[in-house]
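Observations on the model geometry
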Amino acid sequence: MTSNFSETAAYIWSLADLLRGDFKQSQYGRVILPITILRRLECVLEPTKAQVLEQAEKLKAMSNLEEDAREMFLLKAAGESFYNNSPMNLSKLGNSDTKSNLLKYVDSFSNDAREIFEQFKFNEFVEQLDEANLLFKVVQRVTTMDLSPVAISNHDMGLVFEELIRRFAESSNETAGEHFTPRDIVRLTTSLAFMEDDDALTTDGIIRTIYDPTAGTGGFLSSGMEYVHELNPNAVMRAFGQELNPESYAICKGDMLIKGQDVSRIKLGNTLSDDQLFADKFDYMLANPPFGVDWKKVEGEIKDEHTLKG
């Protein structure tokens, strides 16, 4: 593996060579993105894996413990905002029962992480890979990638993921606009929003919240955090967002998890008719509204909100 993010992304995208013929080009990203997230998450969790398994074993004896408390103990043992309490990992998956073992492994993630794979419909693609006799080959290729934070930082992994999203958007060009806002537009918008906030750009430990109501794959959220961190590495950036398309939502949530963000602040749903962050206030809002999408389906809710709330 190489530290150059574009070469790393190209190496990961070369998984498409295995998929060619059995999958449509527009489906490549639906396999490559979640399997990349899976590999990154397991590499991040590797140093505390033994502690998590030990804690999970202790918790088995506490049958009356509530699910929330159980989750809290395992998160603490993992030292991350997610965990996996399976002794399995990708390199232990053999050539027999690969499908059932992989699905059990993914099912052992904490709720937020597991939901990412559900929204990608990962199970369906695992099924397809298995039927095409490709599942073990894909898993073998993925385990050659060292995606640990020591080998590739959160920032660089974010860039790798962004490059994979761009390739996916190009390969499924019927929805490219829904998946991806060009980086130079995102960068310009972000710099205009933050340029006069001297505190955010200079004060040690300053906290800023950033919100995108049409988050897509999270480009504006990533860019906002990146812009501030370039100028002020010790600023604390908290990302909030909501996205309508389940696949884009899964990509955004995966990207935020890779970057170490609390992904419970990324929501799935229509911001116009079902705003899930209505009680929150934010320092910044950046968005590329979906101008091409008709809002007639939610016209009633929007007009009712205006009538009731003004």
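Residues numbered from 1 in each chain as written. Predicted model: local features only at pLDDT ≥ 70, side-chain atom pairs only at ≥ 80, totals over all residues. Heavy atoms only, no water.

On to unusual backbone geometry, then. Phi is positive for Lys121, close to 55°, though the residue is something other than glycine. Note that Lys121 resides in the loop between α7 (111–119) and α8 (122–131). Looking at Lys121, the relative accessible area reads 45%, which means it is partly exposed. Notably, Asn133 is not glycine yet its phi reads approximately 55°, a positive angle. Assignment of secondary structure puts Asn133 in the loop between α8 and α9 (135–143). (Helix = DSSP H or I, 4+ residues; strand = E, 2+ residues; numbered from the N terminus. Buried < 20%, exposed > 50% of the residue type's maximum accessible area, 1.4 Å probe, protein only.)

Moving on: helix α10 (residues 154–171). Taking 1.5 Å of rise per residue, 18 residues should cover 26 Å, and α10 covers 25 Å from first to last C-alpha, within 8% of that figure. Every buried residue belonging to α10 is among Met157, Gly158, Leu159, Val160, Phe161, Glu162, Glu163, Leu164, Ile165, Phe168, Ala169 and Ser171, and all of these are buried. (Expected span 1.5 Å × (residues − 1).)

Right, let's talk about the sheet that holds strand β4 (residues 284–285) for a bit. Strand order across the open sheet formed by four strands is β3-β2-β1-β4, with parallel pairing between neighbours. In this open sheet, the two strands that pair with only one neighbour each are β3 (266–268) and β4. In this structure, strand β1 (residues 207–212) lies alongside strand β2 (residues 236–243), joined through six bridges in parallel fashion. Bridging across to β2, Arg208 finds its partner in Met237. (Pairing = 2+ DSSP bridges.)

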